[in-house]
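Structural overview for review
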Amino acid sequence: MLRGASLRVTRPRVAVLSAVHDKPHADTASIIGAVRTELGEVSHQAVYDVLRALTTAGLVRCIQPPGSLARYESRVGDNHHHVVCRSCGVIADVDCAVGEAPCLTASDSHGFVIDEAEVVYWGLCPACSTAAA
Ligand SMILES: [Zn+2]
Ligand SMILES: [Zn+2]
């Protein structure tokens with residue numbers, strides 16, 4: 001994957017990419033934790049730099065629902081959406097609502113050529129809705 005994106009293959013890059021792959025929607029702190037388990041001491045800045053490089057290269061997607069920390073995932077390029085729990089912040093993937101990206105047709109495009117719609121669904125996850133009941 002890294003070679004395909006013409007990024008040099010380094011151990012931190014491989015470790016960050018596999019951490020994001022193993023734990024979709026992980027925040028930076030848990031990615032740093034996973035990378036440290038793998039490689040030992042790695043600076044926050046190094047992990048941030050790798051995440052930025054991977055995001056720029058399109059290998060990783062950064063999502064940031066309002067009020068949430070930045071989360072990273074390796075499922076890129078399909079314009080899927082997210083459902084976020086208002087209580088515990090857990091995030092799950094939701095496939096395109098209808099057809100291909102952008103799966104929501106804007107009521108007025110204002111002449112823009114639109115290629116993406118970012119939709120965040122909010123609610124309570126099963127664990128939290130059971131606890132609230
Ligand atoms: Zn929840
Ligand atoms: Zn996702």
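Residues numbered from 1 in each chain as written. Chains lettered and ligands numbered in written order. Predicted model: local features only at pLDDT ≥ 70, side-chain atom pairs only at ≥ 80, totals over all residues. Heavy atoms only, no water.

1. Examining the nonpolar core
Core analysis: the biggest nonpolar cluster contains 20 residues, and V16, I31, V35, V47 and L54 have the highest contact counts within it. Secondary structure elements with two or more residues in this core: α1 (11-22), α2 (28-39) and α3 (44-56). Looking at this core element by element, the count peaks at five residues for α1. Setting aside anything within four residues of it in sequence, one finds V47 in contact with V16, I31, I32, V35 and V42. (Core = buried A, V, L, I, M, F, W, Y, C linked by side-chain atoms within 4.5 Å. Buried < 20%, exposed > 50% of the residue type's maximum accessible area, 1.4 Å probe, protein only. Helix = DSSP H or I, 4+ residues; strand = E, 2+ residues; numbered from the N terminus. Contact = heavy atoms within 4.5 Å.)

2. Details of the coordination of the zinc ion (ligand 2)
Protein ligation of the zinc ion (ligand 2) involves H25 (NE2), E73 (OE), H80 (NE2), H82 (NE2) and D93 (OD), the donor distances falling in the range 1.8 to 2.3 Å. All donor residues of the zinc ion (ligand 2) come from one chain, and their arrangement in sequence is H-x47-E-x6-H-x1-H-x10-D. Comparing H80 with H82, the two get one shared label, buried. (Donors = N, O, S within 2.8 Å, 3.2 Å for Na, K, Ca; no water.)

3. Side note on the sheet that holds strand β2 (residues 61-63)
Ordered by their spatial adjacency, three strands build an open sheet running β1-β3-β2, and the pairing between neighbours is antiparallel. The open sheet has two edge strands, β1 (26-27) and β2, and neither has a second partner. Pairing of β2 with strand β3 (residues 71-73) involves three bridges; the strand directions are antiparallel. Paired with R61 across the strands is E73, a residue of β3. (Pairing = 2+ DSSP bridges.)

4. Section: the coordination of the zinc ion (ligand 1)
Reference values for angles at a metal are 109.5 degrees in the four-donor tetrahedral case and 90 or 180 degrees in the six-donor octahedral case. Here the zinc ion (ligand 1) is held by the protein donor atoms C85 (SG), C88 (SG), C125 (SG) and C128 (SG), which lie 2.3 Å from it. In this structure C88 comes out as partly exposed when scored by relative accessible area, which is 48%. Among the residues examined, C128 registers a relative accessible area of 15% and is labelled buried.

5. Observations regarding the domain arrangement of the chain
Per the domain assignment, the segments of the chain are domain 1 (3-73) and domain 2 (81-132). Computed over C-alpha atoms, the centres of domain 1 and domain 2 are 23 Å apart. In this assembly, seven residues from domain 1 lie in contact with eight residues from domain 2. Its largest share of buried area at the contact with domain 2, domain 1 owes to H25, R61 and P65, together 55% of the area lost on that side. If you look at where domain 1 meets domain 2, you find zero salt bridges. Here domain 1 and domain 2 share five residue pairs in polar contact (both at pLDDT 80 or more) between them. (Domains from an automatic or database assignment. Buried area = accessible area lost by both parts, 1.4 Å probe. Salt bridge = Lys/Arg side-chain N within 4 Å of Asp/Glu carboxyl O. Polar contact = N/O pair within 3.5 Å; in protein donor to acceptor, adjacent residues only side chain to side chain.)

6. Concerning the environment of H25
Among the secondary structure elements, H25 is positioned in the loop between α1 and β1. On the accessibility criterion, H25 (7% relative accessible area) is buried. When the C-alpha positions of H25 and R61 are compared, they lie 9.3 Å apart, and in sequence the two are 36 residues distant. In contact with H25, other than residues within four places in its own chain, are I63, R71, Y72, E73, H80, H82, I91, A92 and D93. A polar contact of 3.2 Å, which involves the side chain of H25, links it to the side chain of H82.

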